[in-house]
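Secondary and tertiary structure notes
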Amino acid sequence: MTDAVLGIIGGSGIYDLPGLEDSQWIEVSSPWGAPSDAVRIGRINGLKIVFLPRHGRGHVYSPSTINYRANIDVMKRCGVTDLLSVSACGSLKEQHEPGMFVLVDQFIDRTIAREKSFFGSGCVAHVSMATPVSPKLVDAVAAAAEAEGLKYHKGGTYLAMEGPQFSSLAESELYRSWGCDVIGMTNMPEAKLAREAEICYATVAMVTDYDSWHPDHGEVDIQAIIKVLHDNAENAQRLVGRVARDFPKNHQSCPAGSDTALEFAMMTAADKRDPALLAKLDAVAGRILSKAG
Ligand SMILES: CSC[C@H]1O[C@H](OP(=O)(O)O)[C@H](O)[C@@H]1O
Ligand SMILES: Nc1ncnc2[nH]cnc12
């Protein structure tokens, strides 16, 4: 049995996590470069929590300049088994109103300018992304939302765009025609990298606007988004706090295979692997590499 460690990546408007007991900001270095910030490590109801503000305190990094690999590597180094992403998003469906929480279960990755894998020449690996979120983690968030009386919707597809500009009307309509539910700029490659690192991942997508398609809501307006974010910050904190308080203390194995994703994923023959890359993979792929050794 492994102890569960809950990681929380806070998105736009979420730069700290009040309510953590015995907490400290700790700088954790990564062979993948600089993470967005130090992590705040503490406990809620006995459970270890590791919090990282995705854009850094003061919102320093844009969606395209976040070092997603370093962020996920740092989470892994801190022992995170389950990772909850809290993200602002635009709604692509009438029923997902601003203020709601959408617990997405699929992603479409339209980002184009980011490092998307820990693997590459010298250590090639292919993991499955068919079921990108961890069903048990989503269930835990849904139960917490229910208990807190928050408006939420379970299931949905998150379209990850490059940004930082918002979508044109034509793009927004295209993604709607694909059946997407919400749109954001950050959950890819984050979810892919969490899977490579064998960390269970789920997203709480906080709807802040109707993107550009809604005839009654006009263009996306960052001031309006910030207002919705502020108005909902307390709900997001309550939701995360409740997930943490009720979370099982032992890590529950993932029905989607998140925690064993690398078991049969590596393609490169042992004698052809690049020692420099293997050294960088010490945390992310440590479980499987130590077996191979
Ligand atoms: C503040 S609007 C655009 C910004 O908000 C979302 O970030 P995050 O997912 O970190 O909450 C979106 O992806 C954009 O980066
Ligand atoms: N409409 C939108 N498009 C992309 N990212 C967002 N984050 C919040 N609203 C968004």
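Residues numbered from 1 in each chain as written. Chains lettered and ligands numbered in written order. Predicted model: local features only at pLDDT ≥ 70, side-chain atom pairs only at ≥ 80, totals over all residues. Heavy atoms only, no water.

Let us look at the site of ligand 1. The full set of residues close to ligand 1 is Gly11, Ser12, Arg54, His55, Pro63, Ser87, Ala88, Gly184, Met185, Thr186, Ile222 and Ile225. At 2.8 Å from an oxygen atom of ligand 1 is found a main-chain nitrogen or oxygen belonging to Ala88. Separating an oxygen atom of ligand 1 from a side-chain N or O atom of Thr186 is a distance of 2.6 Å. Calculation on ligand 1 without its partners gives an accessible area of 390 Å², and the protein chains cover 92% of this total. Under a 2 Å grid-point criterion requiring more than half of the atoms, the pocket assigned to ligand 1 is the largest pocket. Residue assignment for the shell around ligand 1 shows that the elements contributing at least two residues are strand E5 (82–91) and helix H5 (222–246). Its residues placed into classes, the shell around ligand 1 shows 5 nonpolar, 6 polar and 1 charged. (Near = heavy atom within 4 Å. Polar contact = N/O pair within 3.5 Å; in protein donor to acceptor, adjacent residues only side chain to side chain. Areas by Shrake-Rupley, 256 points an atom, 1.4 Å probe, with all protein chains shown as cover. 1 Å grid on protein atoms, 1.4 Å probe; cavity = no way out; pocket = protein on both sides within 12 Å on 5 of 7 lines; lining within 4 Å. Sits in = over half its atoms within 2 Å of the grid points. Helix = DSSP H or I, 4+ residues; strand = E, 2+ residues; numbered from the N terminus. Nonpolar A, V, L, I, M, F, W, Y, C, P; charged D, E, K, R; others polar.)

Turning our eyes to something else, we now look at the site of ligand 2. Ligand 2 sits among Ala88, Cys89, Gly90, Met161, Phe166, Ile183, Gly184, Met185, Thr208, Asp209, Asp211 and Ile225. Gly90 places a main-chain nitrogen or oxygen 3.3 Å from a nitrogen atom of ligand 2. Within the side chain of Thr208, one N or O atom sits 3.5 Å away from a nitrogen atom of ligand 2. Within the complex, the protein chains bury 93% of what would otherwise be the 260 Å² of accessible surface of ligand 2. Put simply, the parts of the chain that give the shell around ligand 2 at least two residues each are E5, strand E10 (182–184) and strand E11 (200–209). Ranked by the residues each element gives to the shell around ligand 2, the list is headed by E5, at 3 residues.

Here the focus is the packing of helix H1 (residues 68–77) against helix H4 (residues 187–196). Two elements in contact, H1 and H4, have axes whose closest approach is 9 Å; the angle formed by their N-to-C orientations is 40 degrees. On the basis of their axis angle, the class for H1 and H4 is oblique. The handedness of the crossing between H1 and H4 comes out as right-handed. Contacts between H1 and H4 involve Tyr68, Arg69 and Ile72 on the former and, on the latter, Pro189, Glu190, Leu193 and Ala194. (Axes fitted to C-alpha atoms, helices over the stretch in contact; angles between N-to-C directions. Parallel < 35°, antiparallel > 145°, perpendicular 65-115°, else oblique. Left-handed = near helix turned anticlockwise from the far one by under 90°. Contact = heavy atoms within 4.5 Å.)

Per the UniProt entry, the sites bearing "binding site: phosphate" (unreviewed entry) are Ser12, Arg54, His55, Ser87, Ala88 and Thr186 in this numbering. For the annotated residues, spread through 175 residues, the largest C-alpha to C-alpha distance comes to 12.1 Å, consistent with a single compact locus. Lining the largest pocket, from the residues just named, are Ser12, Arg54, His55, Ser87, Ala88 and Thr186. With respect to the helices, strands and loops of the structure, His55 is situated in the loop between strand E4 (47–53) and H1. Here His55 falls in the buried class, since its relative accessible area comes to 3%. (UniProt positions renumbered as here; feature names shortened; annotations may be inferred. Buried < 20%, exposed > 50% of the residue type's maximum accessible area, 1.4 Å probe, protein only.)

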